[in-house]
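Commentary on secondary and tertiary structure
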Amino acid sequence: MSGVEIFLIGLAVLALLGVIFEEVTHISKAKITLFTGTLSWVILYLSAATDSATELVNHHLEENIAEIASLWLFLVAAMTFVAYLNKKRMIESLINKLLPSRISERNLLFMTGLFAFFFSSLADNITATLVSVAMILPLGLSKDKVLKFAVLAVFAVNSGGVALITGDVTTLMIFLDGKTEIQNLLWLSLPSLCSVLLLAAMLSFGMQGQITLSRKRIPVNKVDMLIALVFLATILMTILGNIAFKIPPVLSFMCGLSVMFLMAHFLRKDNDEDPILDYIRRIEFDTLLFFLGILLLVGMLKQIQVLDVLLKIYEVMPLPVANYTLGVLSSFIDNVPLTAALLKADIHMDPGAWLSLTYAVGVGGSLLVIGSAAGIVAMSKVPGLTFGRFAKYSLQLIIAYSFGYLLVHWLGQYLFIQ
């Protein structure tokens, strides 16, 4: 291994440590990964000794950027829809209509889990977590009960996202790489939901009180309602269009976004006070820049053939055990770089095994509060939610994760081996 390759691996390790210890260093993981990701490719160009070597680096960089662009454009479209609906308080209005004025703590716990599960299939994990936490905090619950709600919300958000490409970035990455199909991913919703209900049942022990909820009347504009319907129609057409005609999801979502822009213009909702295009600026660009930096880093690691070491896990462990272990590992290492590395390593698995891996890397991050974006957001918003307090529920979390993984494994065998 050359000195340049050792230095590049060191850059990747530095970036990973920056992601893990973001809360300690207070340096955004987007800044660290973007710097190390771009620098690593500059070094590859500088170290290319011949024209043919430079041409090879250029070819791989173009492939890498094309993959990133597809992911970026899809996320920009989906996050712009959610930013608009959130700003117009459509999500808050929906919650007020769903919840009764008086409910038991136990039933509210289950409803919170179900809401976080289904909402995260439509919105990104960060938005779904913020909304779920916003439901919990004003209820006046004891600190221990708030922590239970928060733990369930994190697990439910991560579980709900794995079945749809709109819900979880790792699911989208696995789909865009051609490892699975949308109609197969939809099956993941059943075992994922079962694992959320199991965790809710375990956490509900000792909850016997009643809660009175204050109801707010939030006026909903007809145009905003139409745009919400456009969002839902876009998700439906993305799924059906890909299944029936193999239309790339990024194309469907960008088309849906353009319909939203045109609808706002012709229905006179697009004005100088509230320009519709400004909602693109409201999305979490730090998240998008993080993905960009990570995917550049992983592309570099593939270029220098470091990712082949991931194949060793599958040589020493049975395939189902290896996938399960990587899911647990994703609670220590951010699941985006882990998934990107697995995809770049070009591991060969049957469709059922790819479903198992999709569940594992999507939900496994829930085992620790630092293992997913949902956990980090919850930790920043819920007073008293620390690494140690979240870890108190490790047994219930590992049971729920293991139960869901077993169901996915059996489902994969039923769907693809029979």
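Residues numbered from 1 in each chain as written. Predicted model: local features only at pLDDT ≥ 70, side-chain atom pairs only at ≥ 80, totals over all residues. Heavy atoms only, no water.

**Some words on the overall build of the protein**
So the rule is basically this: Under the scheme used here, helices are H or I runs from DSSP no shorter than 4 residues and strands are E runs no shorter than 2 residues, and both carry numbers assigned from the N terminus. With C-alpha atoms as the basis for the radius of gyration, the globule rule is written as 2.2 Å multiplied by the number of residues raised to the power 0.38. Working rule for contacts: check all heavy atoms of both residues, and any pair within 4.5 Å makes them a contact. Under the convention used here, a 1.4 Å probe and the Shrake-Rupley method define accessible areas, while residue burial counts only the protein chains that appear. Within this scheme the basic residues Lys and Arg register as positive and the acidic residues Asp and Glu register as negative, but His and the chain ends are omitted. To locate a charge, take NZ of a lysine, CZ of an arginine, CG of an aspartate or CD of a glutamate.
Looking only at helices and strands, the protein has 21 helices and 2 strands in total. Its C-alpha atoms give the protein a radius of gyration of 22 Å, near enough to 22 Å, the size a compact globule of 418 residues would have. In terms of overall dimensions, the protein has C-alpha extents of about 70 × 55 × 50 Å along its principal axes. In the protein, the share of contacts with a sequence separation of at least 24, taken over all contacts with a separation of at least 6, comes to 80%. With the model as given, the accessible surface of the protein reaches about 19000 Å², and the carbon-plus-sulfur share is 66%. Where the 27 positive side-chain charges of the protein centre and where its 28 negative ones centre are 16 Å apart.

**Description of the packing of helix α6 (residues 105-122) against helix α7 (residues 125-136)**
The line we're drawing: Structural elements are reduced to axes, namely lines fitted to C-alpha atoms, with helices fitted over the stretch in contact, and the angle between N-to-C directions of any two is expressed from 0 to 180 degrees. When an angle is under 35 degrees it counts as roughly parallel; over 145 it counts as roughly antiparallel; between 65 and 115 it counts as roughly perpendicular; any other value is oblique. The hand of a helix crossing depends on one turn: near helix anticlockwise from the far one by less than a right angle means left-handed, and clockwise means right-handed. The classification used treats Ala, Val, Leu, Ile, Met, Phe, Trp, Tyr, Cys and Pro as nonpolar, Asp, Glu, Lys and Arg as charged, and all other residues, Gly among them, as polar.
The N-to-C vectors of α6 and α7 enclose an angle of 155 degrees; their axes lie 9 Å apart at closest approach. The angle between α6 and α7 falls in the class roughly antiparallel. Considering the relative orientation of α6 and α7, their crossing is right-handed. When α6 is examined against α7, the residues T112, F115, A116, F119 and S120 are found in contact with a partner set consisting of N125, T127, A128, V131, S132, M135 and I136. Its residues assigned to classes, the contact of α6 with α7 comprises 7 nonpolar, 5 polar and no charged.

**Some remarks on the nonpolar core**
Rules: What is meant by a nonpolar core is a set of buried Ala, Val, Leu, Ile, Met, Phe, Trp, Tyr and Cys residues, joined one to another through side-chain atoms within 4.5 Å. Residue burial is assigned from relative accessible area. The probe radius is 1.4 Å, only protein chains are included, and a residue is buried under 20% of its type maximum, exposed over 50%, and partly exposed in between.
Grouped together as the largest cluster of nonpolar side chains are 137 residues, with contacts concentrated most on L75, F155, M300 and Y359. At 15 residues, the largest contribution of residues to this core is made by helix α4 (residues 51-87). With sequence-adjacent residues up to four places away left out, M300 is seen in contact with L8, A12, S40, W41 and L44.

**Points about a nonpolar patch on the surface**
For clarity, the threshold we go by: Put simply, a patch holds well-exposed residues, over 30% relative accessible area, that have no salt bridge, with like charges counted together within 9 Å and Val, Leu, Ile, Met, Phe, Trp or Tyr side chains within 5 Å. For salt bridges, the criterion is a side-chain nitrogen of Lys or Arg within 4 Å of an Asp or Glu carboxyl oxygen.
A cluster of nonpolar residues, V220, M225, L226, L229, L232 and L267, forms a patch on the protein surface that exposes about 480 Å² of accessible area. You can see M225 is positioned in helix α12 (residues 222-245). Take M225: its relative accessible area is 38%, and that puts it in the partly exposed class.

**Things to note about a negative patch on the surface**
On the surface, D51, E55, E62 and E63 cluster together to form a negatively charged patch. As for its placement among the helices and strands, E63 is situated in helix α4. Overall, the relative accessible area of 38% leaves E63 in the partly exposed class.

**A look at the pattern of salt bridges**
According to the stated counting rule, one finds 7 salt bridges in the structure shown. For the salt bridge of D278 with R281, the shortest nitrogen-to-oxygen distance reads 2.1 Å. Here R281 falls in the exposed class, since its relative accessible area comes to 63%. Note that K312 and E315 form a salt bridge whose closest N and O atoms lie 3.9 Å from each other. Placement of the pair is K312 and E315 together in helix α15 (residues 311-316), with a separation of 3 residues, close to one helical turn. Relative accessible area serves as the criterion here: at 48%, K312 is assigned to the partly exposed category.

**So, the packing of aromatic side chains**
Here is the rule we go by: Each pair of aromatic rings taken from Phe, Tyr and Trp, with Trp reduced to its six-membered ring, is defined by centres within 6.5 Å and is described as stacked if the planes are under 30 degrees apart, edge-to-face if over 60, and tilted in the remaining cases. Consider the ring centre and the ring normal. A charge sits over the ring if Lys NZ or Arg CZ is within 6 Å of that centre and within 35 degrees of that normal.
Taken as a whole and judged by the stated rule, the model has 12 aromatic pairs. Plain terms: the ring middles of Y324 and Y405 are 5.4 Å apart, the flat faces sit at 70 degrees to each other, and that makes the pair edge-to-face. Of this pair, Y324 sits in helix α16 (residues 319-329) while Y405 sits in helix α21 (residues 394-416), and the two are 81 residues apart along the sequence. Exposure remark for Y324: the relative accessible area of 23% places this residue in the partly exposed category. Pairing Y359 with Y401 gives two aromatic rings, centres 6.1 Å apart and planes at 10 degrees, and the pair type is stacked. Taken together, the residues Y359 in helix α18 (residues 351-363) and Y401 in helix α21 connect sequence positions 42 residues apart. According to the relative accessible area criterion, Y401 is buried, its value standing at 0%. An aromatic cluster is present here, built from F74, F81, F231 and F253 joined pairwise through their rings. Here K29 stacks its cationic end above the ring of F290, 4.6 Å away from the centre of that ring.

**Quick word on the confidence of the model for the protein**
In plain terms, the rule: pLDDT expresses how confident the predictor is about each individual residue, on a scale running from 0 to 100.
On average, residues of the protein score 89 in pLDDT, and 99% of them are at 70 or above. Here helix α5 (residues 90-98) stands out as the least confident element of the protein, with mean pLDDT 77; helix α11 (residues 189-203) is the most confident, with 97.

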